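Here is how the chains run, residue by residue.
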Amino acid sequence: MSSLAANSIILYLLVAVALVMLGLYGLLVLKDPIRRLIAINIMGSGTFLTMIAFARRQDPPDPILHALVVTGLVVAISATAFALRLILAARESREAAASGSTETEDE
Amino acid sequence: MNDALLSLVTPLVAALIVLTGPAMTPRRASVVVLLGSALSFVAALLALQSVTTSGATQTLNLGGWEDGLAIRLRLSPLSALLLAFTALIHLLAGLYARFSRFTSGDDFWVLSAFLHTALAALWLSADLFNLYITLELIGLAAVAMVALSGPKAYQAAADYLLLSLAASMIYLLGVVFLYSEYHTLDVIQLGTVSADSARTRLALALITAGLMLKGALWPLHLWLPAAHAGAPAAVSALLSAVVVKGPLFILWLAWTEVAPADLAREVGPMVATAGMIALVAGGWAAMRSPYIKVLVAYSTVAQLGYALMALGLLMSWQIPQMHIALWLFVIAHGLAKASLFMAAGEMQGTLGTRRLTGLRGATQTVPIAMFAFAVAGGSLIGLPPSGGFLAKWVLLEPILSQPQNWPWAFGILLGTLVSAAYIFRVVVLAFDRATINPPDTRPYLMGHWLALLPALIVWGMALLGEQLIGLLAGGGV
């Protein structure tokens, strides 16, 4: 495996920057918490793609960056799972509060 | 170094015992975690003593790998001091959670022990990626602790988690750019090779933005009041006292050790200005808040302004007094704020209201908690001889020695006035004995006395002032 040409690394980096920007835009503009979580994950993909692209500048690819990506993925997955559960719990509690208050109003 | 590692591992062991131990009632869990915090505090003091007597920073490469590949831990006098400070705050908050009548939730114990471990790891890390991991650990533990106060806090916890995740991604991207330029993540090595280049500037900008969002530093502080005010009192105390200081520590590392000195000198005034605005804007918001805990939470935003100002001036002038002032502020604010949140929790529980107007006549109905609030508030304002006064004195001395520095002195004066305004607003209401808000329940005084304890310690800091200053001065890093 030889190191990639500089052009293709720049292509990968551009894609990564586009992903990060897209994620950041989504985070700022979107309101729905699950969409915002997905936006953060898109940002994460951009960050990890940056790391992979930088790793391929040399031959063999830089193992430290690969190790960092694997660690980062583990953190991102656990955090995403926790965030999904928390967002659902928040929605349930909000709906319970809303239905509770309408019932008392009806009475 | 062994003492420091012991201080790091004890809370982790306590958390694992609580998680896996047989027949673990909340009562037993509290005993295990409190013992862990106490042992961790003693170990941190031993580490502090060993690092000050040897006078040299100690490092350890985990797993015995060579430099550059290994995750490096570093014990400096500052990190030993912060270890002891964290263990002390956890001990005080734990004692309060154990003996106060207002429960913090059964899972408080295991989560606070995990939080303690993550913070201890942060103070000891000297590796930018390892710092990212500790940031994530702290974030996850802190969010789970905010959710402890039940379904009504879930929304605030979810928002906090989303912002925290986004902030660490931005920080990580900055770290990656630094690595791509210098091929190392080690803070000590980066300091020797870093140069002023476009990519370094971009990396440091990303790192700073991520950390400012995570540490609720102005102007990225908007998530803090909801999260800190929504949590149980003991949790709010931990969040405001130590959790927001973690990102601040990394920001300090990034700008004093990693960044080239010329670049730091250039950016310093901007950071100090952000601190000055935080002081005034946060204080103003605190002054206008109708709720007790939201007032205290906004006061955290304002007080972090002092720390940010000290950091900015440290970057632009590169003088050791600012380093001392920065960390004195962190410690004094941590102790005072722990006391304020606990006292606020006790008062709003006993008086049955979250509103500030409910504090009418609090000097009569909940005198000890109100006294704790006023005493801790005195340290935030900077009344002598409190820890807050000590920090402000060290900060003001170099500013006042040069006439052209008057704008900074003016900023500090304005910040002090605003702090005095929001603290006295509460005190004045509390002395209004004409229209007393009667307590819902008979006050249970143990919690009130425990809320007073950190405030007394922060006033006692003045007695240790000389040693603290010497410690911070000797250990530049």
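Residues numbered from 1 in each chain as written. Chains lettered and ligands numbered in written order. Predicted model: local features only at pLDDT ≥ 70, side-chain atom pairs only at ≥ 80, totals over all residues.

**Points about the overall build of chain B**
For clarity, the threshold we go by: Under the DSSP-based scheme used, a helix requires at least four consecutive residues in state H or I and a strand at least two consecutive residues in state E, with every element numbered from the N terminus. Exposed residues have 12 or fewer other C-beta atoms within 10 Å of their own C-beta, buried residues have 20 or more, and residues in between are partly exposed; the C-beta atoms are placed from the backbone. C-beta atoms are placed from the backbone for every residue, and two residues are taken to be in contact when these atoms lie within 7 Å.
For chain B, the helix and strand inventory stands at 20 helices and two strands. Expressed as lengths along the three principal axes of its C-alpha atoms, the size of chain B is roughly 65 × 65 × 45 Å. Residues counted as buried form 62% of the 477 residues belonging to chain B. Relative to all contacts within chain B whose residues are 6 or more apart in sequence, the contacts with residues 24 or more apart total 81%.

**Overview of the overall build of chain A**
Looking only at helices and strands, chain A has three helices and zero strands in total. When the helices and strands of chain A are read in sequence order from the N terminus, they spell out α-α-α. In chain A, which comprises 107 residues, the share counted as buried stands at 28%.

**Looking at the packing of helix H4 (residues 108-124) of chain B against helix H5 (residues 128-146) of chain B**
Residue and element names in this part refer to chain B. To keep it simple, the criterion reads: Interaxial angle, 0 to 180 degrees, is taken between N-to-C directions of lines fitted to C-alpha atoms, where a helix line uses only the stretch in contact. Relative orientations are named as follows: roughly parallel for angles under 35 degrees, roughly antiparallel for angles over 145 degrees, roughly perpendicular for angles from 65 to 115 degrees, and oblique for any other angle. Note on convention: the crossing is left-handed when the near helix lies turned anticlockwise from the far helix by less than a right angle, right-handed when the turn is clockwise. When residue character is reported, Ala, Val, Leu, Ile, Met, Phe, Trp, Tyr, Cys and Pro are called nonpolar, Asp, Glu, Lys and Arg charged, and the others, Gly included, polar.
Between H4 and H5, whose axes approach to 9 Å, the crossing angle comes to 160°. Between H4 and H5, the interaxial angle falls into the category roughly antiparallel. By crossing handedness, the relation of H4 to H5 is classed as left-handed. From H4, Leu111, Phe114, Leu115, Ala118, Leu119, Ala121 and Leu122 reach across to H5, where they touch Leu131, Thr134, Leu137, Ile138, Ala141, Ala142, Ala144 and Met145. Grouping the constituent residues of the contact of H4 with H5 by class yields 14 nonpolar, one polar and no charged.

**Digging into the interface of chain A and chain B**
Chain A puts 24 residues into the contact, and the matching count from chain B is 20 residues. Elements represented by at least two residues in the side of chain A that touches chain B include exactly helix H1 (6-29), helix H2 (33-55) and helix H3 (63-106) of chain A. Among the elements that take part in the side of chain A that touches chain B, H3(A) stands out by supplying 12 residues, more than any other.

**Things to note about helix H3 (residues 77-99) of chain B**
Quick note on the threshold: Here a helix's expected span is defined as the number of its residues, less one, multiplied by 1.5 Å.
Look at H3(B): 33 Å from first C-alpha to last across 23 residues, which is about the 33 Å you get at 1.5 Å a residue. The element H3(B) is largely enclosed, with a buried count of 21 among its 23 residues.

**Observations regarding the environment of B:Tyr298**
All names here are of chain B. Secondary-structure assignment places tyrosine 298 in helix H13 (residues 292-317). Overall, the presence of 26 C-beta atoms within 10 Å leaves tyrosine 298 in the buried class. Contacts of tyrosine 298, omitting those with residues within four sequence positions, involve Pro225, Gly282, Ala285, Ala286 and Ser289.

**What about the confidence of the model for chain A?**
So the rule is basically this: pLDDT expresses, on a scale from 0 to 100, how confident the predictor is about each individual residue.
Chain-level pLDDT for chain A is 87 on average; 90% of the residues reach the 70-or-more range. Per-residue pLDDT, averaged within each element of chain A, yields its smallest value for H3(A) (85) and its largest for H2(A) (93).

**Some points on the nonpolar core**
The criterion, for reference: Residues of type Ala, Val, Leu, Ile, Met, Phe, Trp, Tyr and Cys that are buried and joined through C-beta atoms within 7 Å form what is called a nonpolar core.
Of all hydrophobic cores here, the largest spans 224 residues; its most connected members are B:Val146, B:Ala157, B:Leu238, B:Ala310, B:Leu326 and B:Leu328. Setting aside chain neighbours within four positions, we find B:Leu328 in contact with B:Gly387, B:Leu390, B:Ala391, B:Val394 and B:Leu468.

**Structural notes on the packing of helix H14 (residues 320-351) of chain B against helix H19 (residues 445-460) of chain B**
Residue and element names in this part refer to chain B. Between H14 and H19, the shortest axis-to-axis distance is 8 Å and the interhelical angle comes to 160°. Between H14 and H19, the interaxial angle falls into the category roughly antiparallel. Where H14 crosses over H19, the handedness of that crossing is left-handed. Across the interface between the two elements, Ala332, Leu335, Ala336, Ala338, Ser339, Met342, Ala343 and Glu346 of H14 pack against Gly447, His448, Leu450, Ala451, Leu452, Pro454, Ala455, Ile457 and Val458 of H19. Residues belonging to the contact of H14 with H19 are distributed by class as follows: 13 nonpolar, three polar and one charged.

**Let's talk about the confidence of the model for chain B**
Of the residues in chain B, 99% reach a pLDDT of 70 or more, and the chain-wide mean stands at 89. At the level of chain-chain contacts, confidence expressed as ipTM amounts to 0.91, with global pTM at 0.93.

**Considerations on unusual backbone geometry**
Put simply, A:Asp59 and A:Pro60 share a cis peptide bond, and its omega is -5°. Take A:Pro60: it is sitting in the loop between H2 and H3. The peptide bond linking B:Pro384 to B:Pro385 adopts the cis configuration, its omega dihedral lying at 0°. Mapped onto the elements of the fold, B:Pro385 is located in the loop between helix H16 (367-381) and helix H17 (387-401). The backbone phi angle of B:Ala23 is positive, close to 50°, even though this residue is not glycine. You can call B:Ala23 exposed: it has 5 C-beta atoms within 10 Å. Of note in the backbone geometry, B:Gln318 takes a positive phi value of approximately 55° without being a glycine. Position of B:Gln318 relative to the elements: it lies in the loop between H13 and H14.

**Comments concerning H16(B)**
Residue and element names in this part refer to chain B. Here H16 is 15 residues long and its end C-alpha atoms lie 21 Å apart, about the 21 Å a rise of 1.5 Å per residue gives. Residues of H16 that are buried include every one of Ala369, Met370, Ala372, Phe373, Ala374, Val375, Ala376, Gly377, Gly378, Ser379, Leu380 and Ile381, and no others. Of the surrounding secondary structure, the elements contacted by the buried residues of H16 are H13, H14, helix H15 (362-365), H17, helix H18 (406-430) and H19. Count one or two residues on from H16 and you reach glycine 382, which has phi positive near 100°.

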